[in-house]
Amino acid sequence: MTEWTRLPDLASRAVGGGVVWANDELFAERENLIKPAEPVYQTYTFGHKGQVYDGWETRRRREAGVDQAVIRLGMPGVVRGIVVDTAFFKGNYPPFCWVEGAQVDGYPSGDEITEWFPLVERSALKGDDKHYFDVAEGRRVTHVRLTIDPDGGVARLRVHGQPVADPRLLVAGIDLAALENGAVVTGCSNMFYSSPNNLIAPGQATLMGEGWETARRRDDGNDWVSVRLAAPGVVQLVELDTSHFKGNAPGWASVSGCDERKDPDAWFDVLPRTRLQPDTRHRFLVDSPEVTHARLDIYPDGGMARLRLIGTPTSDGVAHLRSAWAESTS
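Residues numbered from 1 in each chain as written. Predicted model: local features only at pLDDT ≥ 70, side-chain atom pairs only at ≥ 80, totals over all residues. Heavy atoms only, no water.

The name recorded for the protein chain in an unreviewed UniProt entry is Probable allantoicase, from Lentzea alba. As its UniProt record puts it under Catalytic activity (unreviewed entry), the protein chain is described as follows: "allantoate + H2O = (S)-ureidoglycolate + urea". The protein chain has a UniProt comment under Pathway (unreviewed entry) that states "Nitrogen metabolism; (S)-allantoin degradation; (S)-ureidoglycolate from allantoate (aminidohydrolase route): step 1/1." (UniProt positions renumbered as here; feature names shortened; annotations may be inferred.)

Here it is in C-alpha cells:
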C-alpha cells in the first residue's frame, strides 16, 4: 500500500466513471474493471463462454497484437497512482500491461481519442495480485487507456488522484428542472419502460431502471418529455446523463424552451441537437433567454438517466418560490 491509495478513485463507477471502449470482451465484460466493490470468485459458475469472472477478460490471441480498454474518468484530475488488480486470474492473466492518459474536451468515443501520454510504462504482471504503480505525470487526465499484452484478464483498474474541476462548468444557480425544487413533468411521448419523473429525481441513477426509457421506435419520429420548471429562470448549463444506458442511449438530443408568460407556443433552442455518448454524463454551457418550460427531445428513442437545467431564477421566479413556500407553511 502507498500513500496515494488514500486519494479517491477517479475512475470508479461510484463517481460516474465509464469504460467507453474495448477492442474485445469475449469472456468477461469491460464494465467490471471499475466496479467499486472488490472482485469476487465462485467456483464452477460456467456460462456459455466459460467460467464467469468478475473482471475484464479477452479471448486468446492467435495473432500478434494487444488488447485495450478506454476508461472515461468520473472525476477528471491529476493521477498520482494506479492499481492493476488481477485477482482470481491465475492461468489467464496478461504478462504485461501499460497505462496511458488523455486530456480532451467534450465527449468523444473511445476510438476517437488520438493523443495519449504515458502514465505507467510497460510493466510485468503476476496472476491473482494487486500491482501498485506510482504516476509522476502532472497533467489533468480525462481518460485512461489500459493496454494488456497480449491478452487475458484484469479484475479491477483503480486510478487514484486529485480531482481538478473544469471551472467553465462551475456555474452559480439551482436546478430549475429538479423535482425536489418544484418542477413538474407536463407531457411525455412514451414511458413504456419507466417514468419520466425519474429524469428529474434527486441524486444520481444507480441503475438503468432509475432513468426514463422509451419503447423502440419503428417510425420516423422521436421521443420527448416536457417539464414546467420550478421557477422562471435563465438556464446556464444543461446536463444530459445517459449513465447505465449502453446499448439503448439516444444518438442525439436537444433541449428547447418557452416563456409561457409571453407566448406558450413560441419555442426556442436552449441546446441545439447534439450527439450523445452512451453511459456518459454530458454537461453543456448554454446562453438561453428566460424560460418557464423546457422540452427534452431524444433521437430517435432510448433512455436517459437524468436531465438537469442549472440556472438562475428571475426576480419573479424567486417570488414564486417564496410564495409557494409561504402558502404551504402558513
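The linkage connecting Asp-149 with the following residue, Pro-150, adopts the cis geometry, with an omega of 0 degrees. With respect to the element layout, Pro-150 can be found in the loop between strand 9 (140-149) and strand 10 (153-154). If you check the backbone angles, His-244 has positive phi at about 80 degrees while not being a glycine. By the element assignment, His-244 lies in the loop between strand 15 (223-241) and strand 16 (252-258). Note on His-244: relative accessible area 14%, which makes it buried. (Helix = DSSP H or I, 4+ residues; strand = E, 2+ residues; numbered from the N terminus. Buried < 20%, exposed > 50% of the residue type's maximum accessible area, 1.4 Å probe, protein only.)

What follows deals with the pattern of salt bridges. The final tally for this structure, using the stated rule, is 27 salt bridges. Salt bridges sharing common partners tie together Asp-9, Glu-38, Lys-130 and Arg-158. (Salt bridge = Lys/Arg side-chain N within 4 Å of Asp/Glu carboxyl O.)

Our next topic: the domain arrangement of the protein chain. Interfaces are often sized by the amount of accessible area the parts lose when they come together. Taken domain by domain, the protein chain consists of domain 1 (3-163) and domain 2 (174-320). Taking the mean C-alpha position of each, domain 1 and domain 2 sit 33 Å from one another. Each partner contributes to the roughly 850 Å² buried at the junction of domain 1 and domain 2, and carbon and sulfur atoms together form 36% of this total. When the buried surface of domain 1 facing domain 2 is broken down by residue, Arg-13, Arg-72 and Tyr-107 rank first, second and third, together holding 65% of it. (Domains from an automatic or database assignment. Buried area = accessible area lost by both parts, 1.4 Å probe.)

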